[in-house]
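The lines below spell out each chain.
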2 protein chains.
Amino acid sequence: MSHFFDPTSLATFDAAKMAKQDLARGEHLFLGLNSLEPGQSQGIHTHDGADKFYLVVSGKARITVGAVTEVLSSGQLAWCAAGVPHGIAEALERTVVMVGMAPGPTAK
Amino acid sequence: MSHFFDPTSLATFDAAKMAKQDLARGEHLFLGLNSLEPGQSQGIHTHDGADKFYLVVSGKARITVGAVTEVLSSGQLAWCAAGVPHGIAEALERTVVMVGMAPGPTAK
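So, here's what we can say about the structure. Because the structure is a prediction, the values reported are computed rather than measured.

This brings us to the overall build of chain A. The number of helices and strands found in chain A is one helix and 10 strands. Written out in order from the N terminus, the α and β elements of chain A read β-α-β-β-β-β-β-β-β-β-β. Relative to its length of 108 residues, chain A is compact, with a C-alpha radius of gyration of 13 Å against a globular reference of 13 Å. Viewed in the frame of its principal axes, chain A has a C-alpha envelope of about 35 × 35 × 25 Å. Here the contacts in chain A between residues at least 6 apart in sequence split such that 65% fall between residues at least 24 apart.

Now for the sheet that holds strand β2 (residues 19-25) of chain B. The pairing of strands in a sheet comes from backbone hydrogen bonds and takes either a parallel or an antiparallel form. The strand order across the open sheet formed by six strands is β1(A)-β8(B)-β5(B)-β10(B)-β3(B)-β2(B), and the pairing between neighbours is antiparallel. Every other strand in the sheet has two partners, leaving β1 (4-5) of chain A together with β2 of chain B as the edge strands with one partner each. Direction of pairing for strand β5 (residues 51-58) of chain B relative to strand β8 (residues 77-80) of chain B: antiparallel, over a ladder of four bridges. Within β8 of chain B, the position partnered with Leu55 of chain B by the bridge is Leu77 of chain B.

Our next topic: the nonpolar core. With 62 residues, the main nonpolar core has Val97 of chain A together with Val97 of chain B as its most contacted residues. Excluding anything up to four places from it in sequence, Val97 of chain A contacts Asn34, Tyr54, Leu55, Val56, Val57, Ala61 and Ile88 of chain A.

The next subject is the interface of chain A and chain B. With 32 residues of chain A at the contact, the number on the chain B side is 32 residues. Looking at the side of chain A that touches chain B, the elements that each hand over two or more residues are β1, α1 (7-10), β5 (51-58), β7 (68-73), β8 (77-80) and β10 (95-102) of chain A. By residue number, the principal contributor to the side of chain A that touches chain B is β5 of chain A, which donates four residues. Of the residues contributing to the side of chain A that touches chain B, the split by class is 20 nonpolar, eight polar and four charged. As paired elements, β8 of chain A and strand β1 (residues 4-5) of chain B share two bridges and run antiparallel to each other. By the bridge assignment for β1 of chain B, Leu77 of chain A is matched with Phe5 of chain B.

Residues and elements named next belong to chain B. Strand order in the open sheet formed by four strands is β4-β9-β6-β7, with antiparallel pairing between adjacent strands. The open sheet has two edge strands, β4 (42-45) and β7 (68-73), and neither has a second partner. Each strand axis lies, on average, 25° off the axis of its neighbour in the sheet, ignoring direction. Examined bridge by bridge, strand β6 (residues 60-65) and strand β9 (residues 86-91) share five bridges and lie antiparallel to one another.

Residue and element names in this part refer to chain B. Bridging between β6 and β7 involves six bridges; their strand directions are antiparallel. Considered in β7, the bridge of Arg62 is made with Val71. Counting the residues that bridge the hairpin from β6 to β7 gives two residues, and of these Gly66 lies at a positive phi of roughly 60°.

Now for the relation of the copies chain A and chain B. Screw-axis analysis of chain A against chain B gives a translation of 0.0 Å along the axis, an RMSD of 0.0 Å, and a rotation angle of 180°. When the rotation and shift are considered jointly, the pair of chain copies conforms to a two-fold rotation axis. It is Ala102 of chain A whose C-alpha, among those of chain A, lies nearest the rotation axis, at 3.1 Å. Taken as a fraction of all interface residues of chain A, those also at the interface in chain B reach 100%, which identifies the copy contact as same-surface.

One can find Ala82 of chain A in the loop between β8 and β9 (86-91). The exposure class of Ala82 of chain A is partly exposed, given the 17 C-beta atoms found within 10 Å. In the structure, Ala82 of chain A is positioned 18 residues away from Gly100 of chain A in sequence and 12 Å away in space, judged by C-alpha atoms. Residues contacting Ala82 of chain A, with those up to four places away along its chain left out, are His47, Asp48, Gly49, Ala50 and Asp51 of chain A together with Gly26, Glu27 and His28 of chain B.

As a further point, take unusual backbone geometry. Going from Ala102 of chain A to Pro103 of chain A, the amide bond is cis rather than trans, its omega being -10°. Mapping Pro103 of chain A onto the fold places it in the segment after β10.

Once that is clear, we can look at the pairing of strand β10 (residues 95-102) of chain B. Residues in a regular strand point their side chains to alternate faces of the sheet. Residue and element names in this part refer to chain B. Burial runs high along β10: eight of the eight residues are buried. Here β10 shows no split at all, with Thr95, Val97, Val99 and Met101 on one side and Val96, Met98, Gly100 and Ala102 on the other all buried. Alignment of strand β3 (residues 30-36) against β10, held across seven bridges, turns out to be antiparallel. From the neighbouring strand, Ser35 faces β10, where its bridge partner is Val96.

The rules behind the values
Residues numbered from 1 in each chain as written. Chains lettered and ligands numbered in written order. Predicted model: local features only at pLDDT ≥ 70, side-chain atom pairs only at ≥ 80, totals over all residues. Helix = DSSP H or I, 4+ residues; strand = E, 2+ residues; numbered from the N terminus. Rg over C-alpha atoms; globule rule 2.2 N^0.38 Å. Contact = placed C-beta atoms within 7 Å. Pairing = 2+ DSSP bridges. Core = buried A, V, L, I, M, F, W, Y, C linked by C-beta atoms within 7 Å. Buried ≥ 20, exposed ≤ 12 C-beta atoms within 10 Å, placed from the backbone. Nonpolar A, V, L, I, M, F, W, Y, C, P; charged D, E, K, R; others polar. Axes fitted to C-alpha atoms, helices over the stretch in contact; angles between N-to-C directions. Least-squares fit on C-alpha atoms with pLDDT ≥ 70 in both.

Structure follows, in structure tokens:
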């Protein structure tokens, strides 16, 4: 596996729903991409045993963490500590979000 | 603690050496910023029990992972699995790098 990635250029989209891709899976940390066409979303959910972040790498989306929803654009970060509900309420344009989660989704 | 961050606008620099800042510390995951003036660096080092990444959020730097050094610019990512030596060989301009590490540096 390569050590170096260009997340924006790797993103693939699905006209039916938000697309998910793996970037890297370590023993302790998972990195991936969520790629959304305008209007697509990721429902509110919670990881009780894992910390997570969203980093918008291109585009613009409304992102929810806890009780707060904000519009995030390229370069902005949302921190979702373990147990805090979070989701992508709506992509306002074609949007690529890098996600990181520790431990990763298959490490349980 | 806020859930939302704009890493580039939060960065602070130190004329003497690379500056380090915390963004978020969870039970499982740490996020921070490394901010470098042109010519500054972070020496090669290894975290035996933690996975880490560098994401360049602004600027341009030569980043080393394992035996490979590449020039990364804004939006590009370096993955440093546990046990793999890594460092920032040289900032080629004023550069802000988001770092993530799981588990975090104080969680041992």
